[in-house]
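Read off the chains here:
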Amino acid sequence: MNCVIDIKSLALGTHSQEFKIGKEFFESFGGGDVIDAILDVNVDVTKSSGWIKVDCNITGEVVVECDRCLAELRLPVDISAPFTVKFSSVSMEDEDVEYGDDVIVLGPSEGELDMSQTIYDYVMTNIPLKKVHAEGECDPVMLEKMKEILR
Ligand SMILES: [Zn+2]
């Protein structure tokens, strides 16, 4: 599963692209804590002569293991990730680029923008450190089983 934008062949202006991301995407990165995922990625790419503005919206849910009961815990995902791509041949000062966004620098010969790593990082950062169901919503069967194991 590739989230690649063919930047070279894009005409100047704004273009929208969509990707679907599932479990396999996270598995290709080694998985981490994600055991399942259903994510829609909407990308608006605005191409200018020296830089490209990317507005990436990731929505859906990821499934992780609850730290307390080990049952599936569904986490809603709604991430807005704007960033700027600039070409290393163009000086940043020459262009009207909004600072503060994440900036990805591409070499002049690179015609493709692979968004996979960026999307993965954003989703993983969005997962809370403490992954537990809300109080009282843990799986009672699983909790009982764990009690027995710990006994
Ligand atoms: Zn739980």
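In what follows, the accompanying structure is described. In this text the structure is predicted, and so the values were computed from the model without any measurement. (Residues numbered from 1 in each chain as written. Predicted model: local features only at pLDDT ≥ 70, side-chain atom pairs only at ≥ 80, totals over all residues. Heavy atoms only, no water.)

## Quick look at the nonpolar core
Part 1 of the argument: Formed by 39 residues in total, the largest nonpolar core has its most connected members in Phe26, Val62, Met115 and Ile119.
Part 2 of the argument: For this core, the secondary structure elements donating two or more residues are strand S2 (13–21), helix H1 (23–27), strand S3 (36–47), strand S4 (51–65), strand S5 (72–87) and helix H2 (116–126).
Part 3 of the argument: Looking at this core, the element that brings in the most residues is S5, giving eight residues. (Core = buried A, V, L, I, M, F, W, Y, C linked by side-chain atoms within 4.5 Å. Buried < 20%, exposed > 50% of the residue type's maximum accessible area, 1.4 Å probe, protein only. Helix = DSSP H or I, 4+ residues; strand = E, 2+ residues; numbered from the N terminus.)

## Describing the pattern of salt bridges
Close approach of charged atoms allows side chains with opposite charge to pair.
Part 1 of the argument: Scanning the entire structure with this criterion turns up seven salt bridges.
Part 2 of the argument: A salt bridge links aspartate 33 to lysine 131; the nearest nitrogen and oxygen atoms lie 3.5 Å apart. Linking aspartate 33 in the loop between H1 and S3 with lysine 131 in the loop between H2 and helix H3 (140–150), this pair joins segments that are 98 residues apart in sequence.
Part 3 of the argument: Between glutamate 135 and arginine 68 there is a salt bridge; the shortest N-O distance is 3.8 Å. Of this pair, glutamate 135 sits in the loop between H2 and H3 while arginine 68 sits in the loop between S4 and S5; the two residues are 67 residues apart in sequence, bridging distant segments of the chain.
Part 4 of the argument: Classification of arginine 68 as partly exposed rests on a relative accessible area of 30%. (Salt bridge = Lys/Arg side-chain N within 4 Å of Asp/Glu carboxyl O.)

## A short note on the sheet that holds S2
Part 1 of the argument: Strand order across the open sheet formed by five strands is S2-S3-S4-S5-S6, with mixed pairing between neighbours. At either margin of the open sheet sits one strand with a lone partner, and together these are S2 and strand S6 (102–106). The average undirected angle you get between the axes of adjacent strands in this sheet is 20°.
Part 2 of the argument: Sheet topology note: the S3/S4 ladder contains 12 bridges and is antiparallel. Paired with valine 43 across the bridge in S4 is cysteine 56.
Part 3 of the argument: The sheet strands contacting H2 are S2, S3, S4, S5 and S6, and the helix crosses S5 at an angle near 140°. (Pairing = 2+ DSSP bridges. Axes fitted to C-alpha atoms, helices over the stretch in contact; angles between N-to-C directions. Contact = heavy atoms within 4.5 Å.)

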